[in-house]
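Coordinate inspection notes
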Amino acid sequence: MRVIPAPVIALLESGRFSIRYMVLFDLASGLAGVWNDTYTLSYGGNTYDPLAGNMQVSTIRASSDLDTDRVTINFTNLQNAVSTIIANEVWHQRPCTVFVAFLNDAGEVQHVEARFSGFLDHVEISDAADDLSTVTISVESNSRELGRSNGDTRNDASQRRRSATDGFFKHTANVAADASINWGRKGPQYPRGAVIKR
C-alpha cells in the first residue's frame, strides 16, 4: 500500500500542487539524475539536471502478475553530442529509478517517492531537425526475473553445488521417505485402539 504523508495529502486536497518526474541512473561512471523542471534540484544527496518540457515518461502500469513491464522515457531537443556521451558510457543493464515528486504552488519539492525501478535495456537515438536529437530509453522492470526458474532443487547435492560446506538439506532424503510418526507421551508403547478417557 502506498503511504503518502498527511501534509502532502492536505496539499493534494487543496489542489495547489504539481507533479514532476525524477529519473536517477546508476551508471558505471556514477549517479546521474534528470527531472522535468526548470532548475537544478539537489535531493537525497543526488543532483537532478533540468529538462523541462524535454522529458516524457510513459504510463507506468500497475500489475498484479509477474509479467515484465517496461517504462519508456523520451528525451527531446538534445544536442547531437549526446550520442557520443552514450557511446562512451557503460549503460546497458545499469539500474534506473523513476521517482514522482510532489511540489507545492511555490515550486518547492514536498515529497518524493519511487514509482518504478529497473534496468536500462535499450537506448535509441534519432536525429531531428536543427542538429537536435531524440533519445528513447527503455527501462525493464526489476520483476523480470521473478517468473524464471533455475535448475536448483531442494536437495543436498544441489545445495552443495552452490556452497560445498552448506549442509542445510543433508537430511531431506530421510524426511521424504515413509516414516512412522508416534504421537502421545508413550510413543509406540501406547496400546492401539485405546480409548482416552476425559
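Quick notes on the rules
Residues numbered from 1 in each chain as written. Predicted model: local features only at pLDDT ≥ 70, side-chain atom pairs only at ≥ 80, totals over all residues. Heavy atoms only, no water. 1 Å grid on protein atoms, 1.4 Å probe; cavity = no way out; pocket = protein on both sides within 12 Å on 5 of 7 lines; lining within 4 Å. Points joined across faces, edges and corners; volume = space filled by probe spheres on them. Helix = DSSP H or I, 4+ residues; strand = E, 2+ residues; numbered from the N terminus. Nonpolar A, V, L, I, M, F, W, Y, C, P; charged D, E, K, R; others polar. Phe/Tyr/Trp six-rings, centres within 6.5 Å; stacked < 30°, edge-to-face > 60°. Buried < 20%, exposed > 50% of the residue type's maximum accessible area, 1.4 Å probe, protein only. Polar contact = N/O pair within 3.5 Å; in protein donor to acceptor, adjacent residues only side chain to side chain. Contact = heavy atoms within 4.5 Å. Salt bridge = Lys/Arg side-chain N within 4 Å of Asp/Glu carboxyl O. pLDDT = per-residue confidence, 0-100.

A word on the layout of surface pockets
When its volume is computed, the largest pocket comes out at roughly 540 Å³. Together, 21 residues line the largest pocket, and Phe-25, Val-82, Ile-85, Ile-86 and Ile-137 are the ones closest to its centre. Broken down by secondary-structure element, the contributors of at least two residues to the lining of the largest pocket are strand S1 (17-27), strand S2 (30-35), strand S4 (46-50), strand S6 (70-79), helix H2 (82-87), strand S8 (109-127) and strand S9 (132-141). In the lining of the largest pocket, the residues fall into 17 nonpolar, two polar and two charged.

Here's the deal with the packing of aromatic side chains
Evaluation of the coordinates by the stated rule reveals three aromatic pairs. Residues Trp-35 and Tyr-39 carry aromatic rings whose centres are separated by 5.1 Å and whose planes lie at 85° to one another, so their mutual orientation is edge-to-face. The exposure class of Trp-35 is buried, given its relative accessible area of 0%.

Structural notes on the side chain of Asn-104
Here Asn-104 lies in strand S7 (residues 95-104). Within the structure, the side chain of Asn-104 is placed 3.0 Å from the backbone nitrogen of Ala-106, a separation counted as a polar contact. In terms of polar contacts, Asn-104 uses its side chain to reach the backbone amide nitrogen of Glu-108, at 2.9 Å. When neighbours within four sequence positions are excluded, Asn-104 is seen to be in contact with Leu-11, Arg-16, Ser-18 and Gln-110.

Some details on the pattern of salt bridges
This structure, assessed with the given rule, holds six salt bridges. Between Arg-160 and Asp-156 there is a salt bridge, with its nearest N and O atoms 3.0 Å apart. Of this pair, Arg-160 and Asp-156 both sit in helix H3 (residues 156-162), separated by four residues, roughly a single helical turn. Residue Arg-160 is classed as partly exposed on the basis of its relative accessible area, which comes to 32%. Its relative accessible area of 23% is what places Asp-156 among the partly exposed residues. A network of salt bridges, in which partner residues are shared, links Arg-70, Asp-121 and Glu-140.

As for the confidence of the model for the protein
Per-residue confidence for the protein gives a mean pLDDT of 81, with 79% of residues at or over 70. For the protein, the element scoring lowest by mean pLDDT is helix H4 (residues 172-176), at 68; strand S3 (residues 41-43) scores highest, at 94.

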